[in-house]
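# Survey of secondary and tertiary structure
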Amino acid sequence: MAEQIDAPGAQQFIPPQADTLDQLRAAAAGCQGCELYRDASQTVFGRGDESARLVFVGEQPGDMEDHKGLPFVGPAGRLLRKAVDDAGIDPGHLYLTNAVKHFRFELRGRRRIHQTPDRVHITACRPWLVAEFSRLRPELVVVLGATAAKALLGPSFRVTRQRGELLPWPASAQRPEDFARVPVDSAGKVADAPAARLLATIHPSAVLRADDQNTAYEGLVADLTVAARALAA
């Protein structure tokens, strides 16, 4: 497929000397690791504190996120914030990011309609996720939806089978070695990443698409409540 030819991957755009998330964010603005950069308005990198106890990983930016350059600021993001509050999670302890950093869409008239990223996009963008996690020390990772699950846990993972279940992190990753070592100083010293846990649940956009939104929302909050209890333990 042509898009596979146009997906050299993000690795060549990640500066090896980047010590902070801000430096990674600045570098990501010039990423051309797959063809999605051509039509998207901008790269949408993660946001939040490097010391965040909880990291949310979603699919990709949507239309509003693409325009504003921030993740989870559209309808799904507003629903996620409500679910976080209802689950009793402190919103000040969050880092929000996506598996794919550019908006994939198709034009229908003047509307830009979301298209699910292909595996080639997930693979091309995965180095950014690895780089982000190298600067983060979460106690818990929450994977939102199938695309994020494929990016971190591999194509065989099914959110519908294991949603709400606490798994060891990074041991549950498709390639744990990518997340097992983290830098501890600017001189290049590394150490073992602190043991954490991971929980998978549906993406908030799935709630918005559901026939029974109330039931779908209650399920999302129930999963996030498991996350809240894990952080409080």
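Just above sits the structure.
Thresholds, definitions, all that
- Position numbers for residues count from 1 along each chain, tracking the sequence in the order it is written.
- Given that this is a predicted model, residues contribute local features only at a pLDDT of at least 70 and side-chain atom pairs are listed and counted only at 80 or more, while totals for whole chains, interfaces and linings are drawn from all residues.
- Calculation of side-chain values draws on the structure's entire complement of heavy atoms; hydrogens and water are dropped beforehand.
- Residues qualify for a patch when their relative accessible area is over 30% and they have no salt bridge, like charges being joined within 9 Å and the nonpolar side chains of Val, Leu, Ile, Met, Phe, Trp and Tyr within 5 Å.
- Note on areas: Shrake-Rupley with a 1.4 Å probe; residue coverage comes only from the protein chains shown.
- The term salt bridge refers to a pairing of a side-chain nitrogen on Lys or Arg with a carboxyl oxygen on Asp or Glu at a separation within 4 Å.
- Counted as positive: Lys and Arg. Counted as negative: Asp and Glu, with His and the chain ends omitted from the count.
- For the purpose of locating charges, the reference atoms are NZ of Lys, CZ of Arg, CG of Asp and CD of Glu.
- The numbering of helices and of strands both runs from the N terminus, where a helix is a DSSP run of H or I of at least 4 residues and a strand a run of E of at least 2.
- Whether a residue is buried, partly exposed or exposed follows from its accessible area with a 1.4 Å probe, protein chains only, as a fraction of its type maximum: under 20%, in between, or over 50%, in that order.
- Residue count minus one, scaled by 1.5 Å, sets the expected span of a helix.
- What is called the bend at a residue is the angle between a pair of axes, fitted to the seven residues leading up to and ending at it and to the seven starting from it.
- Each aromatic pair joins two rings of Phe, Tyr and Trp (for Trp, the six-membered one) with centres within 6.5 Å, and gets the label stacked for planes under 30 degrees apart, edge-to-face for over 60, and tilted for any other angle.
- Our definition puts a charge over a ring when NZ of Lys or CZ of Arg is within 6 Å of the ring centre and also within 35 degrees of the ring normal.
- Residues grouped as a nonpolar core are buried Ala, Val, Leu, Ile, Met, Phe, Trp, Tyr and Cys residues, joined through side-chain atoms within 4.5 Å.
- Residue contacts are counted whenever heavy atoms from the two residues lie within 4.5 Å of one another.
- Along the arc lie the directions from the helix axis toward the C-beta atoms.
- Axes here mean lines fitted to C-alpha atoms, for a helix over just the part in contact, with angles spanning 0 to 180 degrees between N-to-C directions.
- For this classification, under 35 degrees means roughly parallel, over 145 means roughly antiparallel, 65 to 115 means roughly perpendicular, and everything else is oblique.
- Two helices that cross are described as forming a left-handed crossing if the nearer one is turned anticlockwise from the farther one by less than a right angle, and a right-handed crossing if clockwise.
- Under this grouping Gly is polar, as are all residues other than the nonpolar Ala, Val, Leu, Ile, Met, Phe, Trp, Tyr, Cys and Pro and the charged Asp, Glu, Lys and Arg.

### As for a positive patch on the surface
A contiguous patch of positive charge, built from Arg119, Lys150, Arg158 and Arg161, is present on the exposed surface. Along the chain, the position of Arg161 falls in helix H7 (residues 159–162). Classification of Arg161 as exposed rests on a relative accessible area of 67%.

### Section: helix H5 (residues 119–135)
Its 17 residues place the ends of H5 25 Å apart at the C-alpha level, agreeing with the 24 Å of an ideal helix rising 1.5 Å per residue. At Cys125, H5 shows its strongest bend, of approximately 40°, with the proline Pro127 following within four residues. Most of H5 is tucked away, with 13 of its 17 residues classed as buried.

### A closer look at the packing of aromatic side chains
In total, this model carries five aromatic pairs according to the counting rule given. Between the aromatic rings of Phe133 and Trp169, the centroid separation amounts to 5.5 Å while the plane-to-plane angle is 45°, which identifies the pairing as tilted. Here Trp169 lies in strand E7 (residues 167–169) and Phe133 lies in helix H5, a separation of 36 residues in the sequence. Like Trp169, Phe133 is buried. Through successive ring pairs, a cluster of aromatic residues spans Phe133, Trp169 and Phe179. In this arrangement the basic side chain of Lys101 is found over the ring face of Phe45, its NZ or CZ atom lying 5.4 Å from the centre.

### Thoughts on the nonpolar core
Core analysis: the largest hydrophobic core is formed by 43 residues, its most contacted members being Trp128, Phe133, Leu152 and Trp169. Secondary structure elements with two or more residues in this core: helix H2 (21–28), strand E2 (54–58), H5, strand E6 (140–144), helix H6 (146–153), E7 and strand E10 (196–201). In terms of residue count, the dominant contributor to this core is H5 (eight residues). Setting aside residues up to four positions removed in sequence, Trp169 forms contacts with Phe133, Val141, Leu152, Leu153, Phe179, Ala195, Ala196, Arg197 and Leu198.

### Looking at helix H4 (residues 75–87)
Its 13 residues place the ends of H4 18 Å apart at the C-alpha level, agreeing with the 18 Å of an ideal helix rising 1.5 Å per residue. Restricting attention to buried positions, one finds in H4 the residues Ala76, Gly77, Leu79, Leu80, Ala83, Val84 and Ala87. Down the axis of H4, the smallest arc covering the buried residues is 160°, so these residues share one side. Buried residues belonging to H4 abut E2, strand E3 (94–98), E6, helix H8 (204–209) and helix H9 (213–232). Just beyond H4, the residue with positive phi is Gly88, at close to 80°.

### A word on the packing of H4 against H9
At their nearest, the axes of H4 and H9 sit 8 Å apart, and the two run at 55° to each other. Taken together, the axis directions place H4 and H9 in an arrangement best described as oblique. Regarding H4 and H9, the two cross each other, and that crossing is right-handed. Of H9, the residues touching H4 (which contributes Leu79, Leu80, Lys82, Ala83, Val84, Asp86 and Ala87) are Tyr217, Leu220, Val221, Leu224, Thr225 and Ala228. Residues that form the contact of H4 with H9 fall into these classes: 10 nonpolar, one polar and two charged.

### Section: the pattern of salt bridges
Per the stated rule, a full pass over the model turns up 12 salt bridges. The residue Glu139 makes a salt bridge to Arg53 at a minimum N-O spacing of 2.8 Å. Taken together, the positions of Glu139 in the loop between H5 and E6 and Arg53 in the loop between strand E1 (47–48) and E2 put the pair 86 residues apart, joining distant regions of the chain. Each of Arg126, Arg175, Glu177 and Asp178 takes part in salt bridges that share partners, so that together they form one network.

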